[in-house]
Amino acid sequence: WVNFGGGQATAAFRKGPSGLVMLKGFIKDGTMNTSAFTLPVGYRIGEISYYAVASNNLYGQIIIRADGTVTPNTGSNLFFALSVSFIAEA
């Protein structure tokens, strides 16, 4: 998985003071159902969670696991949005 480029938002994440973790950006060229990156301790959700996202005009699904792995699971590897937010585990 690499950044989509072409002026699209770069893949990134951050955590606000309330514990809300936000992922943003667009990635491409990875293999579906393989991890794109791993969130560090303190940014993790604590349980497996599934989110619907945009993926090259298709339904996309991203899985975030308790170990911090962020995995594009369903959709297209031509364009995959990381528009997800959740509360980090305490």
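Data block above holds the structure.
The structure presented is a predicted model; accordingly, all values stated were derived computationally and were not measured. (Residues numbered from 1 in each chain as written. Predicted model: local features only at pLDDT ≥ 70, side-chain atom pairs only at ≥ 80, totals over all residues. Heavy atoms only, no water.)

(A) A look at the environment of asparagine 77. With respect to the helices and strands, asparagine 77 occurs in the loop between strand E8 (69-74) and strand E9 (80-81). Asparagine 77 sits in the partly exposed class, given a relative accessible area of 28%. For the pair asparagine 77 and glycine 30, spaced 47 residues apart in sequence, the C-alpha separation works out to 5.9 Å. Once residues lying within four places of it in the same chain are set aside, the contact partners of asparagine 77 are Trp1, Lys28, Asp29, Gly30 and Met32. A distance of 2.7 Å separates the side chain of asparagine 77 from the backbone oxygen of glycine 30, its partner in a polar contact. (Helix = DSSP H or I, 4+ residues; strand = E, 2+ residues; numbered from the N terminus. Buried < 20%, exposed > 50% of the residue type's maximum accessible area, 1.4 Å probe, protein only. Contact = heavy atoms within 4.5 Å. Polar contact = N/O pair within 3.5 Å; in protein donor to acceptor, adjacent residues only side chain to side chain.)

(B) Just the sheet that holds E9, in detail. Overall, antiparallel pairing links the three strands, which are arranged E1-E4-E9 in an open sheet. Edge positions in the open sheet fall to strand E1 (2-3) and E9, since each of these has one partner strand only. Sheet topology places E1 next to strand E4 (residues 26-28); two bridges connect them, and they run antiparallel. Paired with valine 2 across the two strands is lysine 28, which belongs to E4. (Pairing = 2+ DSSP bridges.)

(C) A look at the pairing of strand E10 (residues 84-87). Burial along E10 is one-sided: the residues Val84 and Phe86 are buried and none of Ser85 and Ile87 is. As paired strands, strand E3 (residues 20-24) and E10 are joined by four bridges and run antiparallel to one another. Among the inter-strand pairings, leucine 20 is bridged to a residue of E10, identified as isoleucine 87.

(D) Local environment of unusual backbone geometry. Unusually for a residue other than glycine, asparagine 56 sits at a positive phi of about 55°. Non-glycine residue asparagine 57 carries a positive phi angle of around 65°. Mapped onto the fold, asparagine 57 is located in the loop between strand E6 (49-55) and strand E7 (58-64).

(E) Summary view of the nonpolar core. Residues Leu23, Tyr51, Ile62, Ile64, Val84 and Phe86 are the most contacted members of the largest nonpolar core, which totals 15 residues. Counting only elements with at least two residues in this core, the list comes to E3, E6, E7 and E10. With residues up to four places along the chain from it excluded, the contact list for tyrosine 51 reads Ile45, Gly60, Gln61, Ile62, Ile64, Val84, Ser85 and Phe86. (Core = buried A, V, L, I, M, F, W, Y, C linked by side-chain atoms within 4.5 Å.)

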